[in-house]
Amino acid sequence: MADLQDDLHPAAEAGRADEPYPEEAVVVGPEVYEPVSDPDDAPLTRARAVLAAHPVADGYSGLPQALRRLPWYDLDLGESAVDADVPRLRRGQVGAVFWSLHLPEGHDGDRAVGATLEQLDLAKAVVAAHAEGLRPARTAGQIVDARNCGRVAVLFGPAGAAALGDSLSVLRSLHALGLRVLTLAGASWAGEAGLTRFGEEVVREMNRLGLVADLSHASTPTIRRVLALSKAPVMFTRSAARDLRPHPANLPDELLAEVGEAKGLCLVPLTAEQAGPTVRDVADHLDHIRTLAGPECVGLSGTYDTRSAHPRELRDTSCYPTLIAELLRRGWEEADVALLTWGNVQRVLRGADFTAHAAQQRRPPSTATIAELDG
Amino acid sequence: MTSLDDARALLAEFPVVDGHNDLPWALREQVRYDLGARDIAGDQSAHLHTDIPRLRAGGVGAQFWSVYVRADLPDPVPATLEQIDCVRRLMARHPKDLAPALTAADMEAARAQGRIASLMGAEGGHSIACSLGTLRGLYDLGVRYLTLTHNFNVPWADSATDEPGVGGLSAFGREVVREMNRLGMLVDLSHVAATTMRDALDATSAPVVFSHSSARAVCDHPRNIPDDVLERLPANGGIAMVTFVPKFVLQAAVDWTAAADENMRAHGFHHLDTTAEGMKVHRAFEETHPRPVATVSTVADHLDHMREAAGIDHLGIGGDYDGTAFTPDGLNDVSAYPNLIAELLDRGWSRSDLAKLTWQNAVRVLGAAEDVARDLRSTRAPSHATLESLDA
């Protein structure tokens, strides 16, 4: 399955009719990573070369919410009131970004479904209004399509668990509208004590649909249960290493090891609060998580436009090459950088789709209700 | 050939587009969306007005499935998404019979394939919770009409069966209509007050529908359409889809219902009370006062009048099956449309008239709404107006 999901190695060309069918079975092994940069170049030059081939898939952005506060904006030409606009996404060599649909702080969860529909509507309108720079995408394949068209792919999610209104039908409707990621925190069925029976049914239905579970800010029992239960890889859209910096959403070492075993994906936020005040602090977290969970289980989460403070060298979305240069300076293999920036998110999204295709053959849509399962 | 044979032959070519069917709500109430427990692939006449064999027998070629939810739910938006999910699951479950349809072209394609085009309509402005973003979400999920109100007013529009509120449409209400025009979602004026009908006809730049309403001149009930509004349909291009609900179409049934409600109130119950004691009082009344029965001819009388007032190009059919407890004699379920067509043939309606009534008018109206939307979208951005900003 890993071969099928690994986008770093493009699928073999379809066979040609004039070539004889091989007499013996041909075993296709994993392709060897082909370096794209000159090891003798300066780290920043190398970083740009690697990012040109393997751009950043950024796991969390609050841009739609930030734009809502502005009376007027122009993302095409540049917008200084936010951290991300099309010119800076291009300078930062960003190829894909997840737009958060989390409700603003202070929203009490009442009428969360309607509020999420409004967030989604706003996000879609922003993408549609910047068609030269941005393109909506739902799958790993569509992300690649967007990139081939020179557009930054925008994925919708994560949304908070409250967005479901405790209904699997609403989950399916939000998925139909383009939601790709759901954070399993902030609902009665995914609380401090872990998942309830309904919560487990939500995870199964997410697997069936191809919705990725986000476990940042989820409780430890919820994290453990989902790691065991989910048939598809999970994400942590904003989690660094707790042993380096205490923060409730950061993951302790033993959980990082479990994430590695489950082939989940921990996306490190580039914020001062969670990772630290310098680019070196962020790199320390990436080093730490790569060591504990593995290079295929770590990625990047800009967390821009969320009113968080960022390391000075990483103040906006144009700064990713600076971070990648720091990693290369520390001796990261190019292949690991390629996984970090692009390959791992592709793997998780392909895994989610793969699981969904398989599950849809076996399972009809779930009609379970919270009243029936959680009484 | 009898006129019933003629009717069936005609429907084979120009099947019925029905404007309103409450099967999703019935499935929610009866079996909590357990589609296996009410499998519409087989006979469900013991529980429902609607199943696929009877839709086929009735010559139905397109159905607007209502994604209605009660207006008194604490939050109608998630319930509306559940109703939409129900329709999507029905379509996925019966792909040979139900064809998902979003456009007039989809409807024609379904007819060519011999499938039943399945569209969705939301019944009541409460389903958008005063949010144009939510309205667009419903459109993206496939909803192609919104009835502006149900039985009660919404903050921006008056219902036919409530006290006057904003006096028709408020400024935000007109903005809802404009945004629906921009999207290509039909404005449905069933259930709304006559003042709202007139305001909406003033505000809209696309044809409107009445998904299930009959003529007030034939039977004086607020759910029906007054003549001055019917007379505006030719200029607007819209359609009035006649409904069969006895307590709206038959004057004797209107009067009987009023008397029954009065009897309930006299016994200290709300007139819609469905508790055991309430139903007992109601049944006692029904035993001494037999419920008047509407017939196919009652509905045909409405169509004859609506044709006079609005013209043959502005009629359609909206049975409200599974949304009403009682049906006229001869129109007992979705298999019965041929009886209505036969009655109209007997009254001298021509084949081309009937083709307009059953199929062509409704398809034309959806197509026209799409054309208007295509024009408007090129010049107008999505509206982010709010109730507070316009109606403060």
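Given the structure is predicted, the values throughout are model-derived calculations rather than measurements.

J.: Could you clarify how one ought to interpret the overall build of chain A in this entry?
T.: The helix and strand inventory of chain A stands at 14 helices and twelve strands. Relative to its length of 375 residues, chain A is compact, with a C-alpha radius of gyration of 20 Å against a globular reference of 21 Å. With the C-alpha coordinates of chain A rotated into their principal frame, the extents come out at 65 × 60 × 45 Å. Evaluated residue by residue, chain A yields a buried proportion of 54% over its 375 residues. Put simply, 74% of the contacts in chain A that link residues at least 6 apart link residues at least 24 apart.

J.: Just to check I follow, could you spell out the overall build of chain B for this structure?
T.: Looking only at helices and strands, chain B features 17 helices and nine strands. Computed over its C-alpha atoms, the radius of gyration of chain B comes to 20 Å, within 12% of the 21 Å expected for a compact globule of 392 residues. Dimensions of chain B, computed from C-alpha atoms along their principal axes, come out at roughly 55 × 55 × 45 Å. The buried share of chain B, reckoned over its 392 residues, is 55%.

J.: What am I meant to see in unusual backbone geometry here?
T.: Comment: phi is negative for the bulk of residues other than glycine, and the bulk of peptide bonds are trans. Between Gly157(A) and the following residue, Pro158(A), the backbone shows a cis peptide bond with an omega angle of 5 degrees. If you trace the backbone, Pro158(A) turns up in the loop between strand 4 (152-156) and strand 5 (159-160). A positive phi angle, near 50 degrees, is found at Arg32(B), a position not held by glycine. Note on placement: Arg32(B) falls in the loop between helix 2 (23-31) and helix 3 (52-57). On the neighbour-count criterion, Arg32(B) (14 C-beta atoms within 10 Å) is partly exposed. The phi angle at Asp322(B) is positive, at roughly 60 degrees, despite the residue not being glycine.

J.: It is not clear to me how the interface of chain A and chain B should be interpreted in this structure. Could you clarify?
T.: For interface size, the figure often reported is the accessible area lost on association. With 20 residues of chain A at the interface, the matching set in chain B holds 20 residues. Sorting the residues of the side of chain A that touches chain B by element identifies helix 5 (112-129) and helix 7 (168-176) of chain A as the ones contributing at least two each. Here the side of chain A that touches chain B takes eight residues from helix 5 of chain A, the largest share from any one element. Among the residues making up the side of chain A that touches chain B, the classes are represented as nine nonpolar, seven polar and four charged.

J.: Before we go on, may I ask you to explain the domain arrangement of chain B in this structure?
T.: As assigned here, chain B comprises domain 1 (3-245 + 294-382) and domain 2 (251-292). For domain 1 of chain B and domain 2 of chain B, the distance between their C-alpha centres works out to 29 Å.

J.: I keep staring at the packing of helix 7 (residues 171-183) of chain B against helix 16 (residues 351-379) of chain B and nothing clicks. Help me out?
T.: To describe two helices that pack against each other, one gives the angle between their axes and the distance between the axes. Residues and elements named next belong to chain B. One way to put it is that helix 7 packs onto helix 16 with a least axis distance of 6 Å and a crossing angle of 100 degrees. It follows that helix 7 is roughly perpendicular to helix 16 by the angle criterion. Counted together, Asn-181, Arg-182 and Leu-183 of helix 7 and Val-372, Ala-373, Leu-376 and Arg-377 of helix 16 form the full contact between these two elements. Taken together, the residues of the contact of helix 7 with helix 16 sort by class into four nonpolar, one polar and two charged.

J.: In this structure, what is going on with helix 2 (residues 43-53) of chain A? I would like to understand it.
T.: Owing to its 3.6 residues per turn, the α-helix aligns residues three or four sequence positions apart on the same side. Residues and elements named next belong to chain A. Buried residues of helix 2: Arg-46, Ala-47, Val-50 and Leu-51, and no others. Along the long axis of helix 2, the arc covered by the buried residues comes to 130 degrees, so they all point the same way. Against the buried residues of helix 2 lie strand 1 (56-61), helix 12 (320-329) and helix 13 (334-362).

J.: Even after reading the chapter, I still don't get the packing of helix 14 (residues 296-310) of chain B against helix 15 (residues 337-346) of chain B, so can you show me in this structure?
T.: Residue and element names in this part refer to chain B. It is at 10 Å that the axes of helix 14 and helix 15 come closest, and there the two elements cross at 60 degrees. Relative to helix 15, the element helix 14 lies oblique. The two elements helix 14 and helix 15 cross, and the hand of that crossing is right-handed. Within the contact between the two elements, helix 14 uses Val-296, Ser-297, Val-299, Ala-300 and Leu-303 and helix 15 uses Asn-339, Leu-340, Glu-343 and Leu-344. In terms of residue class, the contact of helix 14 with helix 15 is built from six nonpolar, two polar and one charged.

J.: I would appreciate a short explanation of the sheet that holds strand 2 (residues 94-99) of chain A in the present structure.
T.: Hydrogen bonds between backbone groups are what pair the strands of a sheet, and the pairing can be parallel or antiparallel. Residues and elements named next belong to chain A. An order of 1-2-4-3 is seen for the four strands of this open sheet, with the pairing classed as parallel. Looking at strand neighbours, the two that pair on one side only are strand 1 and strand 3 (134-136), the edges of this open sheet. Sheet twist, expressed as the mean angle between neighbouring strand axes with direction ignored, is 25 degrees. Taken together, the four bridges between strand 2 and strand 4 define a ladder with parallel strand orientation. Bridging from a neighbouring strand, Val-97 pairs with Val-154 of strand 4. Across the sheet, helix 13 is in contact with strand 1 and strand 2; its angle to strand 1 comes to roughly 75 degrees.

Rules used in this analysis
Residues numbered from 1 in each chain as written. Chains lettered and ligands numbered in written order. Predicted model: local features only at pLDDT ≥ 70, side-chain atom pairs only at ≥ 80, totals over all residues. Helix = DSSP H or I, 4+ residues; strand = E, 2+ residues; numbered from the N terminus. Rg over C-alpha atoms; globule rule 2.2 N^0.38 Å. Buried ≥ 20, exposed ≤ 12 C-beta atoms within 10 Å, placed from the backbone. Contact = placed C-beta atoms within 7 Å. Nonpolar A, V, L, I, M, F, W, Y, C, P; charged D, E, K, R; others polar. Domains from an automatic or database assignment. Axes fitted to C-alpha atoms, helices over the stretch in contact; angles between N-to-C directions. Parallel < 35°, antiparallel > 145°, perpendicular 65-115°, else oblique. Arc of directions from axis to C-beta. Left-handed = near helix turned anticlockwise from the far one by under 90°. Pairing = 2+ DSSP bridges.

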